[in-house]
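Okay, here's what each chain looks like letter by letter:
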Amino acid sequence: MLDPKYRKGFAVHPSTLFAIDGLLTDEERDIRKAVRQVCDKEIRPHIAEWFDTGELPARELARTLGSVGVLGMHLDGYGCAGLGAVSYGLACLELEAADSGLRSLVSVQGSLAMYAIWKYGSEEHKREWLPPMAAGERIGCFGLTEPDFGSDPGGMRTTARRDGSDWVLNGAKMWITNGSVSDVAVVWARTDDGVRGFLVPAGTPGFTAHDLKRKVSLRASVTSELVLDDVRLPADAMLPGARGLSGPLGCLNEARYGIVFGAMGAALDCLETALDYAGSREVFARPLASYQLTQEKLADMTLELGKGLLLALHLGRLKEAGAITPEQISAGKLNNVREALDIARTCRTILGASGITLEYPVIRHAVNLESVLTYEGTSEIHTLVLGKALTGLPAFH
Ligand SMILES: Cc1cc2nc3c(=O)[nH]c(=O)nc-3n(C[C@H](O)[C@H](O)[C@H](O)COP(=O)(O)OP(=O)(O)OC[C@H]3O[C@@H](n4cnc5c(N)ncnc54)[C@H](O)[C@@H]3O)c2cc1C
(Lines give C-alpha, C1' and ligand atoms only; values in the text may rest on other atoms or scores of the structure.)
Protein backbone atom coordinates (compact mmCIF):
# COMPACT_ATOMS: atom_id res chain seq x y z
CA MET A 1 0.00 0.00 0.00
CA LEU A 2 1.36 3.35 -1.00
CA ASP A 3 2.03 5.84 1.76
CA PRO A 4 -0.80 8.43 1.48
CA LYS A 5 1.68 11.25 1.92
CA TYR A 6 2.96 10.53 -1.59
CA ARG A 7 -0.48 10.77 -3.11
CA LYS A 8 -1.40 14.08 -4.71
CA GLY A 9 2.09 14.72 -3.49
CA PHE A 10 2.73 18.38 -4.27
CA ALA A 11 3.41 20.37 -1.14
CA VAL A 12 4.07 23.33 -3.42
CA HIS A 13 1.97 23.78 -6.53
CA PRO A 14 4.02 24.91 -9.58
CA SER A 15 2.09 28.21 -9.76
CA THR A 16 2.42 28.80 -6.02
CA LEU A 17 6.21 28.46 -6.23
CA PHE A 18 6.35 31.58 -8.36
CA ALA A 19 3.65 33.42 -6.38
CA ILE A 20 1.81 34.23 -9.62
CA ASP A 21 -1.56 34.75 -7.95
CA GLY A 22 -0.17 37.61 -5.89
CA LEU A 23 0.57 39.48 -9.11
CA LEU A 24 -3.07 39.43 -10.18
CA THR A 25 -5.94 41.71 -9.23
CA ASP A 26 -9.03 40.32 -7.49
CA GLU A 27 -10.97 40.76 -10.73
CA GLU A 28 -8.37 38.80 -12.71
CA ARG A 29 -8.38 35.99 -10.16
CA ASP A 30 -12.20 35.89 -10.27
CA ILE A 31 -12.26 35.72 -14.07
CA ARG A 32 -9.71 32.95 -14.09
CA LYS A 33 -11.74 31.01 -11.56
CA ALA A 34 -15.00 31.53 -13.46
CA VAL A 35 -13.49 30.26 -16.73
CA ARG A 36 -11.94 27.28 -14.94
CA GLN A 37 -15.34 26.42 -13.46
CA VAL A 38 -16.99 26.49 -16.88
CA CYS A 39 -14.25 24.26 -18.25
CA ASP A 40 -14.64 21.83 -15.33
CA LYS A 41 -18.39 21.64 -15.81
CA GLU A 42 -18.92 21.91 -19.55
CA ILE A 43 -15.70 20.82 -21.23
CA ARG A 44 -13.53 18.46 -19.16
CA PRO A 45 -16.19 15.74 -18.80
CA HIS A 46 -16.55 15.50 -22.62
CA ILE A 47 -13.28 16.61 -24.13
CA ALA A 48 -11.65 13.18 -24.54
CA GLU A 49 -14.72 11.96 -26.41
CA TRP A 50 -14.88 15.03 -28.66
CA PHE A 51 -11.20 14.59 -29.41
CA ASP A 52 -11.62 10.85 -30.01
CA THR A 53 -14.56 11.24 -32.38
CA GLY A 54 -13.33 14.47 -33.94
CA GLU A 55 -16.80 15.95 -33.38
CA LEU A 56 -17.24 19.24 -31.55
CA PRO A 57 -20.63 20.70 -30.60
CA ALA A 58 -19.30 24.09 -31.64
CA ARG A 59 -22.62 25.96 -31.66
CA GLU A 60 -23.60 24.90 -28.13
CA LEU A 61 -20.09 25.59 -26.89
CA ALA A 62 -20.06 29.04 -28.45
CA ARG A 63 -23.29 29.90 -26.65
CA THR A 64 -21.91 28.58 -23.36
CA LEU A 65 -18.68 30.54 -23.78
CA GLY A 66 -20.65 33.60 -24.84
CA SER A 67 -22.81 33.38 -21.72
CA VAL A 68 -19.71 33.68 -19.52
CA GLY A 69 -18.46 36.61 -21.57
CA VAL A 70 -15.15 35.26 -22.93
CA LEU A 71 -15.87 35.89 -26.62
CA GLY A 72 -14.23 39.18 -27.56
CA MET A 73 -13.84 39.89 -23.84
CA HIS A 74 -10.90 42.25 -24.43
CA LEU A 75 -12.86 44.44 -26.87
CA ASP A 76 -14.90 47.48 -25.83
CA GLY A 77 -18.55 48.12 -26.61
CA TYR A 78 -20.99 46.24 -28.88
CA GLY A 79 -21.78 43.68 -26.18
CA CYS A 80 -18.11 42.92 -25.42
CA ALA A 81 -16.85 42.94 -21.84
CA GLY A 82 -13.95 45.39 -22.33
CA LEU A 83 -11.65 43.57 -19.90
CA GLY A 84 -7.89 43.91 -19.64
CA ALA A 85 -5.29 41.93 -21.57
CA VAL A 86 -4.25 39.91 -18.51
CA SER A 87 -7.85 38.83 -17.86
CA TYR A 88 -8.12 37.73 -21.47
CA GLY A 89 -4.80 35.89 -21.22
CA LEU A 90 -5.89 34.07 -18.08
CA ALA A 91 -9.13 33.01 -19.78
CA CYS A 92 -7.03 31.61 -22.65
CA LEU A 93 -4.84 29.81 -20.12
CA GLU A 94 -7.82 28.11 -18.45
CA LEU A 95 -9.45 27.24 -21.79
CA GLU A 96 -6.25 25.71 -23.12
CA ALA A 97 -5.73 23.80 -19.87
CA ALA A 98 -8.95 22.08 -20.93
CA ASP A 99 -8.00 21.77 -24.62
CA SER A 100 -6.15 23.83 -27.24
CA GLY A 101 -9.11 23.30 -29.58
CA LEU A 102 -11.43 25.17 -27.24
CA ARG A 103 -8.97 28.00 -26.88
CA SER A 104 -8.68 28.05 -30.67
CA LEU A 105 -12.44 28.47 -31.02
CA VAL A 106 -12.32 31.43 -28.63
CA SER A 107 -9.14 32.95 -30.13
CA VAL A 108 -10.46 32.82 -33.68
CA GLN A 109 -13.84 34.18 -32.67
CA GLY A 110 -12.57 36.99 -30.41
CA SER A 111 -9.08 37.87 -31.56
CA LEU A 112 -9.32 37.21 -35.29
CA ALA A 113 -12.90 37.51 -36.57
CA MET A 114 -14.37 39.90 -33.97
CA TYR A 115 -11.17 41.92 -33.66
CA ALA A 116 -11.03 42.39 -37.45
CA ILE A 117 -14.59 43.74 -37.43
CA TRP A 118 -14.04 45.81 -34.27
CA LYS A 119 -10.79 47.34 -35.51
CA TYR A 120 -11.37 47.68 -39.25
CA GLY A 121 -15.13 47.38 -39.78
CA SER A 122 -17.70 50.09 -40.44
CA GLU A 123 -20.16 51.14 -37.74
CA GLU A 124 -22.80 48.98 -39.51
CA HIS A 125 -20.48 45.93 -39.51
CA LYS A 126 -19.86 46.35 -35.79
CA ARG A 127 -23.55 46.76 -34.92
CA GLU A 128 -24.59 43.82 -37.05
CA TRP A 129 -21.99 41.27 -36.06
CA LEU A 130 -20.29 42.03 -32.75
CA PRO A 131 -23.19 41.70 -30.26
CA PRO A 132 -24.35 38.27 -31.50
CA MET A 133 -20.75 37.10 -31.82
CA ALA A 134 -19.99 38.18 -28.23
CA ALA A 135 -23.06 36.23 -27.11
CA GLY A 136 -21.94 33.15 -29.05
CA GLU A 137 -25.09 33.21 -31.18
CA ARG A 138 -23.01 33.80 -34.30
CA ILE A 139 -19.62 32.27 -35.07
CA GLY A 140 -16.87 33.81 -37.17
CA CYS A 141 -13.75 32.55 -38.90
CA PHE A 142 -10.68 34.19 -40.39
CA GLY A 143 -9.42 33.19 -43.81
CA LEU A 144 -5.86 34.24 -44.52
CA THR A 145 -3.90 31.03 -45.22
CA GLU A 146 -4.16 29.46 -48.67
CA PRO A 147 -3.16 26.02 -49.93
CA ASP A 148 0.12 27.43 -51.31
CA PHE A 149 0.69 30.35 -48.97
CA GLY A 150 0.87 29.95 -45.18
CA SER A 151 4.00 31.54 -43.74
CA ASP A 152 4.07 33.93 -46.68
CA PRO A 153 0.50 35.26 -46.92
CA GLY A 154 1.69 38.11 -49.15
CA GLY A 155 1.70 35.60 -52.02
CA MET A 156 -2.04 34.97 -51.71
CA ARG A 157 -3.94 34.21 -54.92
CA THR A 158 -7.48 34.89 -53.74
CA THR A 159 -8.72 37.93 -55.61
CA ALA A 160 -11.51 40.44 -55.21
CA ARG A 161 -12.34 42.41 -58.34
CA ARG A 162 -14.82 45.19 -58.84
CA ASP A 163 -17.91 44.54 -60.96
CA GLY A 164 -19.97 47.72 -60.93
CA SER A 165 -20.28 48.56 -57.27
CA ASP A 166 -20.08 44.86 -56.27
CA TRP A 167 -17.02 42.80 -55.39
CA VAL A 168 -16.47 39.35 -56.89
CA LEU A 169 -14.19 37.00 -54.93
CA ASN A 170 -12.40 33.93 -56.27
CA GLY A 171 -9.91 31.65 -54.56
CA ALA A 172 -9.48 29.21 -51.67
CA LYS A 173 -8.48 29.45 -48.03
CA MET A 174 -7.00 26.49 -46.18
CA TRP A 175 -6.81 25.31 -42.56
CA ILE A 176 -9.52 27.68 -41.41
CA THR A 177 -10.59 27.21 -37.79
CA ASN A 178 -14.39 27.36 -37.24
CA GLY A 179 -14.78 27.48 -41.05
CA SER A 180 -17.80 25.25 -41.67
CA VAL A 181 -19.64 26.33 -38.51
CA SER A 182 -19.22 30.04 -39.14
CA ASP A 183 -21.96 32.52 -39.89
CA VAL A 184 -19.44 34.96 -41.26
CA ALA A 185 -15.96 34.57 -42.71
CA VAL A 186 -13.41 37.39 -42.66
CA VAL A 187 -11.66 36.73 -45.98
CA TRP A 188 -8.47 38.48 -47.06
CA ALA A 189 -8.10 38.94 -50.81
CA ARG A 190 -5.90 40.71 -53.30
CA THR A 191 -7.44 43.76 -55.02
CA ASP A 192 -6.06 46.43 -57.36
CA ASP A 193 -5.58 48.42 -54.18
CA GLY A 194 -3.58 45.71 -52.32
CA VAL A 195 -4.84 43.18 -49.77
CA ARG A 196 -8.28 44.00 -48.33
CA GLY A 197 -10.63 42.22 -45.90
CA PHE A 198 -14.19 41.18 -46.75
CA LEU A 199 -17.09 39.89 -44.67
CA VAL A 200 -18.57 36.85 -46.39
CA PRO A 201 -21.81 35.62 -44.78
CA ALA A 202 -22.42 31.85 -44.80
CA GLY A 203 -24.83 30.88 -47.53
CA THR A 204 -23.58 33.47 -50.02
CA PRO A 205 -23.80 31.78 -53.46
CA GLY A 206 -20.43 30.39 -54.55
CA PHE A 207 -19.06 30.27 -50.99
CA THR A 208 -18.58 26.79 -49.48
CA ALA A 209 -16.68 25.34 -46.53
CA HIS A 210 -15.47 21.73 -46.34
CA ASP A 211 -14.08 20.19 -43.17
CA LEU A 212 -10.55 18.81 -43.21
CA LYS A 213 -10.69 15.26 -41.92
CA ARG A 214 -8.10 12.78 -40.60
CA LYS A 215 -6.40 15.36 -38.36
CA VAL A 216 -4.30 13.87 -35.58
CA SER A 217 -3.96 17.20 -33.77
CA LEU A 218 -6.62 19.69 -32.60
CA ARG A 219 -9.30 17.08 -33.16
CA ALA A 220 -11.70 18.96 -30.88
CA SER A 221 -11.69 21.90 -33.28
CA VAL A 222 -13.35 22.50 -36.64
CA THR A 223 -10.77 23.05 -39.40
CA SER A 224 -12.03 23.73 -42.92
CA GLU A 225 -11.19 24.73 -46.44
CA LEU A 226 -13.10 27.75 -47.76
CA VAL A 227 -13.82 27.90 -51.48
CA LEU A 228 -14.83 31.15 -53.16
CA ASP A 229 -16.19 30.67 -56.64
CA ASP A 230 -17.43 33.94 -58.14
CA VAL A 231 -18.75 35.06 -54.77
CA ARG A 232 -20.59 38.34 -55.34
CA LEU A 233 -20.65 40.76 -52.43
CA PRO A 234 -22.05 44.27 -52.11
CA ALA A 235 -19.63 47.21 -51.95
CA ASP A 236 -20.09 47.53 -48.18
CA ALA A 237 -18.81 43.98 -47.54
CA MET A 238 -15.25 45.34 -47.49
CA LEU A 239 -13.67 46.28 -44.15
CA PRO A 240 -12.91 49.97 -44.72
CA GLY A 241 -10.16 50.30 -42.10
CA ALA A 242 -7.72 47.61 -43.27
CA ARG A 243 -5.30 48.21 -46.11
CA GLY A 244 -2.51 45.82 -46.99
CA LEU A 245 -1.13 42.92 -44.98
CA SER A 246 -0.91 45.03 -41.82
CA GLY A 247 -4.67 44.43 -41.47
CA PRO A 248 -4.56 40.64 -41.00
CA LEU A 249 -1.18 40.82 -39.23
CA GLY A 250 -2.72 43.17 -36.65
CA CYS A 251 -5.36 40.52 -35.91
CA LEU A 252 -2.74 37.77 -35.72
CA ASN A 253 -0.86 39.72 -33.08
CA GLU A 254 -3.98 39.70 -30.92
CA ALA A 255 -4.43 35.95 -31.25
CA ARG A 256 -0.74 35.22 -30.75
CA TYR A 257 -0.83 37.14 -27.52
CA GLY A 258 -3.57 34.83 -26.21
CA ILE A 259 -1.46 31.81 -27.14
CA VAL A 260 1.40 33.06 -24.94
CA PHE A 261 -0.89 32.42 -21.96
CA GLY A 262 -2.83 29.54 -23.47
CA ALA A 263 0.18 27.32 -24.09
CA MET A 264 1.09 27.62 -20.42
CA GLY A 265 -2.40 26.38 -19.54
CA ALA A 266 -1.85 23.19 -21.53
CA ALA A 267 1.58 22.79 -19.90
CA LEU A 268 0.16 23.31 -16.42
CA ASP A 269 -2.52 20.68 -16.98
CA CYS A 270 0.17 18.22 -18.13
CA LEU A 271 2.42 18.98 -15.18
CA GLU A 272 -0.39 18.63 -12.65
CA THR A 273 -1.33 15.29 -14.20
CA ALA A 274 2.28 14.08 -14.16
CA LEU A 275 2.82 15.17 -10.55
CA ASP A 276 -0.31 13.40 -9.47
CA TYR A 277 0.59 10.29 -11.43
CA ALA A 278 4.18 10.19 -10.20
CA GLY A 279 2.94 10.48 -6.62
CA SER A 280 0.66 7.48 -6.89
CA ARG A 281 2.44 5.21 -9.37
CA GLU A 282 4.73 2.69 -7.68
CA VAL A 283 7.78 1.42 -9.60
CA PHE A 284 10.43 -0.84 -8.12
CA ALA A 285 8.45 -0.70 -4.85
CA ARG A 286 8.64 3.07 -4.47
CA PRO A 287 6.61 5.99 -5.78
CA LEU A 288 7.84 7.19 -9.14
CA ALA A 289 7.99 10.71 -7.67
CA SER A 290 10.64 9.62 -5.18
CA TYR A 291 13.29 8.98 -7.84
CA GLN A 292 15.84 11.65 -8.61
CA LEU A 293 15.41 11.28 -12.38
CA THR A 294 11.70 11.99 -12.03
CA GLN A 295 12.28 14.89 -9.68
CA GLU A 296 14.73 16.43 -12.12
CA LYS A 297 12.08 16.27 -14.85
CA LEU A 298 9.49 17.80 -12.54
CA ALA A 299 11.83 20.54 -11.33
CA ASP A 300 12.95 21.47 -14.86
CA MET A 301 9.38 21.58 -16.14
CA THR A 302 8.31 23.72 -13.20
CA LEU A 303 11.10 26.18 -13.95
CA GLU A 304 10.01 26.56 -17.57
CA LEU A 305 6.37 26.78 -16.61
CA GLY A 306 7.07 29.47 -14.02
CA LYS A 307 9.23 31.46 -16.40
CA GLY A 308 6.61 31.14 -19.13
CA LEU A 309 3.82 32.32 -16.83
CA LEU A 310 5.88 35.29 -15.68
CA LEU A 311 6.72 36.16 -19.29
CA ALA A 312 3.04 35.97 -20.24
CA LEU A 313 2.07 38.19 -17.35
CA HIS A 314 4.80 40.71 -18.16
CA LEU A 315 3.64 40.87 -21.79
CA GLY A 316 0.06 41.25 -20.56
CA ARG A 317 0.99 44.25 -18.43
CA LEU A 318 2.89 45.76 -21.38
CA LYS A 319 -0.17 45.24 -23.58
CA GLU A 320 -2.41 46.90 -21.02
CA ALA A 321 -0.04 49.85 -20.98
CA GLY A 322 -0.24 50.02 -24.78
CA ALA A 323 3.51 49.40 -24.96
CA ILE A 324 3.79 45.88 -26.40
CA THR A 325 5.56 45.31 -29.73
CA PRO A 326 5.00 42.53 -32.30
CA GLU A 327 8.55 41.29 -31.62
CA GLN A 328 7.73 40.85 -27.94
CA ILE A 329 4.63 38.86 -28.84
CA SER A 330 6.76 36.72 -31.19
CA ALA A 331 9.20 36.10 -28.33
CA GLY A 332 6.36 35.06 -26.03
CA LYS A 333 4.68 32.79 -28.57
CA LEU A 334 7.95 31.18 -29.63
CA ASN A 335 9.14 30.51 -26.10
CA ASN A 336 5.92 29.46 -24.45
CA VAL A 337 4.65 27.11 -27.15
CA ARG A 338 8.07 25.51 -27.52
CA GLU A 339 8.38 24.99 -23.76
CA ALA A 340 4.78 23.81 -23.41
CA LEU A 341 5.35 21.17 -26.07
CA ASP A 342 8.53 20.07 -24.33
CA ILE A 343 6.71 19.87 -20.99
CA ALA A 344 3.86 17.86 -22.53
CA ARG A 345 6.30 15.37 -24.06
CA THR A 346 8.24 15.00 -20.81
CA CYS A 347 5.03 14.51 -18.82
CA ARG A 348 4.08 11.85 -21.33
CA THR A 349 7.22 9.91 -20.42
CA ILE A 350 6.32 10.08 -16.72
CA LEU A 351 2.97 8.47 -17.44
CA GLY A 352 4.61 5.60 -19.33
CA ALA A 353 2.15 3.62 -21.44
CA SER A 354 -0.78 5.35 -19.72
CA GLY A 355 0.58 8.51 -21.28
CA ILE A 356 -0.50 7.46 -24.75
CA THR A 357 -4.19 7.07 -23.93
CA LEU A 358 -7.00 9.60 -23.77
CA GLU A 359 -7.62 8.53 -20.16
CA TYR A 360 -5.16 11.28 -19.32
CA PRO A 361 -4.99 14.68 -21.02
CA VAL A 362 -1.24 14.66 -21.67
CA ILE A 363 -0.96 13.09 -25.13
CA ARG A 364 -3.96 15.16 -26.26
CA HIS A 365 -2.19 18.35 -25.17
CA ALA A 366 1.07 17.19 -26.76
CA VAL A 367 -0.45 16.54 -30.18
CA ASN A 368 -2.57 19.69 -29.97
CA LEU A 369 0.51 21.77 -29.25
CA GLU A 370 2.01 20.56 -32.53
CA SER A 371 -0.68 22.65 -34.27
CA VAL A 372 -0.18 25.56 -31.91
CA LEU A 373 3.53 25.48 -32.80
CA THR A 374 2.57 25.89 -36.47
CA TYR A 375 -0.40 28.24 -36.56
CA GLU A 376 -0.35 31.96 -35.82
CA GLY A 377 3.18 32.02 -37.22
CA THR A 378 5.37 28.94 -37.08
CA SER A 379 8.23 28.73 -34.59
CA GLU A 380 10.61 29.28 -37.52
CA ILE A 381 8.83 32.48 -38.56
CA HIS A 382 8.89 33.87 -35.01
CA THR A 383 12.59 32.99 -34.82
CA LEU A 384 13.13 34.97 -38.03
CA VAL A 385 11.14 37.89 -36.60
CA LEU A 386 13.48 37.94 -33.60
CA GLY A 387 16.52 37.48 -35.85
CA LYS A 388 15.49 40.51 -37.86
CA ALA A 389 14.83 42.55 -34.71
CA LEU A 390 18.28 41.66 -33.35
CA THR A 391 20.33 42.10 -36.51
CA GLY A 392 18.27 44.41 -38.68
CA LEU A 393 18.69 41.82 -41.43
CA PRO A 394 15.51 40.10 -42.71
CA ALA A 395 16.19 36.42 -43.45
CA PHE A 396 12.70 35.47 -44.66
CA HIS A 397 13.53 35.45 -48.37
C1 LIG B 1 -5.16 23.36 -36.88
C2 LIG B 1 -4.84 24.58 -37.67
C3 LIG B 1 -5.70 25.65 -37.64
C4 LIG B 1 -5.43 26.81 -38.41
N5 LIG B 1 -6.33 27.85 -38.40
C6 LIG B 1 -6.14 28.89 -39.28
C7 LIG B 1 -7.13 29.91 -39.39
O8 LIG B 1 -8.14 29.93 -38.68
N9 LIG B 1 -6.94 30.89 -40.32
C10 LIG B 1 -5.84 30.93 -41.14
O11 LIG B 1 -5.73 31.83 -41.96
N12 LIG B 1 -4.86 29.97 -41.03
C13 LIG B 1 -5.00 28.95 -40.14
N14 LIG B 1 -4.05 27.96 -40.03
C15 LIG B 1 -2.91 27.98 -40.95
C16 LIG B 1 -1.58 28.30 -40.30
O17 LIG B 1 -1.52 29.64 -39.93
C18 LIG B 1 -0.48 27.90 -41.29
O19 LIG B 1 -0.48 26.48 -41.32
C20 LIG B 1 0.89 28.42 -40.92
O21 LIG B 1 0.95 29.80 -41.13
C22 LIG B 1 2.01 27.74 -41.72
O23 LIG B 1 1.71 27.74 -43.06
P24 LIG B 1 1.88 26.37 -43.90
O25 LIG B 1 1.16 25.29 -43.17
O26 LIG B 1 1.44 26.68 -45.28
O27 LIG B 1 3.40 26.04 -43.85
P28 LIG B 1 4.54 26.64 -44.80
O29 LIG B 1 4.44 28.12 -44.85
O30 LIG B 1 4.52 25.89 -46.09
O31 LIG B 1 5.84 26.24 -43.99
C32 LIG B 1 6.37 24.91 -43.98
C33 LIG B 1 7.61 24.92 -43.10
O34 LIG B 1 8.56 25.83 -43.67
C35 LIG B 1 8.96 26.75 -42.68
N36 LIG B 1 9.32 28.02 -43.30
C37 LIG B 1 8.50 28.87 -43.96
N38 LIG B 1 9.18 29.95 -44.38
C39 LIG B 1 10.46 29.76 -43.98
C40 LIG B 1 11.65 30.54 -44.09
N41 LIG B 1 11.66 31.74 -44.70
N42 LIG B 1 12.80 30.04 -43.56
C43 LIG B 1 12.79 28.84 -42.94
N44 LIG B 1 11.70 28.08 -42.78
C45 LIG B 1 10.54 28.54 -43.28
C46 LIG B 1 7.79 26.87 -41.75
O47 LIG B 1 8.16 27.40 -40.49
C48 LIG B 1 7.34 25.42 -41.68
O49 LIG B 1 8.18 24.72 -40.78
C50 LIG B 1 -4.26 26.85 -39.20
C51 LIG B 1 -3.37 25.76 -39.19
C52 LIG B 1 -3.64 24.65 -38.43
C53 LIG B 1 -2.69 23.50 -38.44
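Since this is a predicted model, take the numbers as computed values, not measurements.

Asker: Run through the packing of aromatic side chains, naming residues and quoting values.
Answerer: Per the counting criterion, the structure on display carries 6 aromatic pairs. Taken together, a centroid distance of 6.4 Å and an interplanar angle of 85° make the contact between Tyr120 and Trp188 edge-to-face. Pair noted here: Tyr120 is in helix α5 (residues 100–120) and Trp188 is in strand β6 (residues 184–191), with a separation of 68 residues, a long-range link. The pair formed by Tyr120 and Trp188 is uniform in burial state, with each residue classed as buried. Centroid distance Tyr277 to Tyr360: 5.6 Å. Interplanar angle 90°. Geometry classified as edge-to-face. Here Tyr277 is found in helix α7 (residues 246–280), whereas its partner Tyr360 is found in the loop between α9 (326–350) and α10 (362–374), with 83 residues between them in sequence.

Asker: Give me the layout of surface pockets: which residues, what numbers.
Answerer: For the largest pocket, the calculated volume is near 1300 Å³. At the level of secondary structure, the elements contributing two or more residues to the lining of the largest pocket comprise α5, β5 (166–177), α7, α9, α10 and α11 (379–391). Per-element tally for the lining of the largest pocket: the top contributor is α7, with 6 residues. By residue class, the composition of the lining of the largest pocket is 18 nonpolar, 18 polar and 8 charged.

Asker: Would you mind going over the pattern of salt bridges in detail, with residue names and values included?
Answerer: Per the stated rule, a full pass over the model turns up 21 salt bridges. Between Glu96 and Arg103 there is a salt bridge, with its nearest N and O atoms 2.4 Å apart. Under the relative-accessibility criterion, Arg103 is labelled buried at 1%. For Glu254, the salt bridge is made with Lys319, and the minimal N-O distance between the two is 3.1 Å. Note that Glu254 is positioned in helix α7 and Lys319 in helix α8 (residues 292–320), a separation of 65 residues in sequence. Through salt bridges with shared partners, a single ionic network connects Glu28, Arg317 and Glu320.

Asker: Break down the side chain of Arg196 for me, with residues and values.
Answerer: Along the chain, the position of Arg196 falls in strand β7 (residues 194–201). Polar contacts involving the side chain of Arg196 include one to the main-chain carbonyl oxygen of Pro240, which spans 3.4 Å. With residues near it in sequence (within four places) discarded, Arg196 still touches Val187, Trp188, Ala189, Thr191, Met238, Leu239, Pro240, Ala242 and Arg243.

Asker: Please set out the side chain of Thr191 residue by residue, giving values where relevant.
Answerer: Note that Thr191 resides in strand β6. Note on Thr191: relative accessible area 10%, which makes it buried. In terms of polar contacts, Thr191 uses its side chain to reach the backbone amide nitrogen of Asp193, at 2.9 Å. Contact partners of Thr191, with chain neighbours within four places excluded, come to Ala160, Trp167, Arg196 and Phe198.

Basis of the calculations
Numbering of residues starts from 1 in every chain and runs along the sequence as written. Per-residue local features of the predicted model are confined to residues with pLDDT of at least 70, and side-chain atom pairs are confined, for both listing and counting, to 80 or more; whole-chain, interface and lining totals are unaffected and use all residues. Side-chain calculation: all heavy atoms of the structure are included, whereas hydrogens and water are not. Any pair of Phe, Tyr and Trp rings, taking the six-membered ring for Trp, is counted once the centres come within 6.5 Å. Such a pair is stacked with planes under 30 degrees apart, edge-to-face with planes over 60 apart, and tilted for the rest. A run of H or I in DSSP becomes a helix once it reaches four residues, and a run of E becomes a strand once it reaches two; helices and strands are each numbered from the N terminus. Buried means the residue's accessible area, taken with a 1.4 Å probe over protein chains only, is under 20% of the maximum for its type, while exposed means over 50%, and partly exposed covers the values in between. Cavities and pockets were defined on a 1 Å grid built from protein atoms only: a cavity is a group of points that admits a 1.4 Å probe but offers it no way out, a pocket is an open group of points flanked by protein on both sides within 12 Å along at least five of seven lines, and a lining residue is one with an atom within 4 Å of any such point. Grid points are joined across faces, edges and corners, and a volume is the space filled by probe spheres set on the points. Charged residues are taken to be Asp, Glu, Lys and Arg, nonpolar residues to be Ala, Val, Leu, Ile, Met, Phe, Trp, Tyr, Cys and Pro, and polar residues to be all remaining types, Gly included. We count a salt bridge whenever a side-chain nitrogen from Lys or Arg sits within 4 Å of a carboxyl oxygen from Asp or Glu. Polar contacts, as counted here, are pairs of nitrogen or oxygen atoms within 3.5 Å of one another; within protein the pair requires one atom able to donate a hydrogen and one able to accept it, and residues that are adjacent in sequence qualify only if both atoms are side-chain atoms. Whether two residues are in contact is decided by their heavy atoms: any pair within 4.5 Å suffices.

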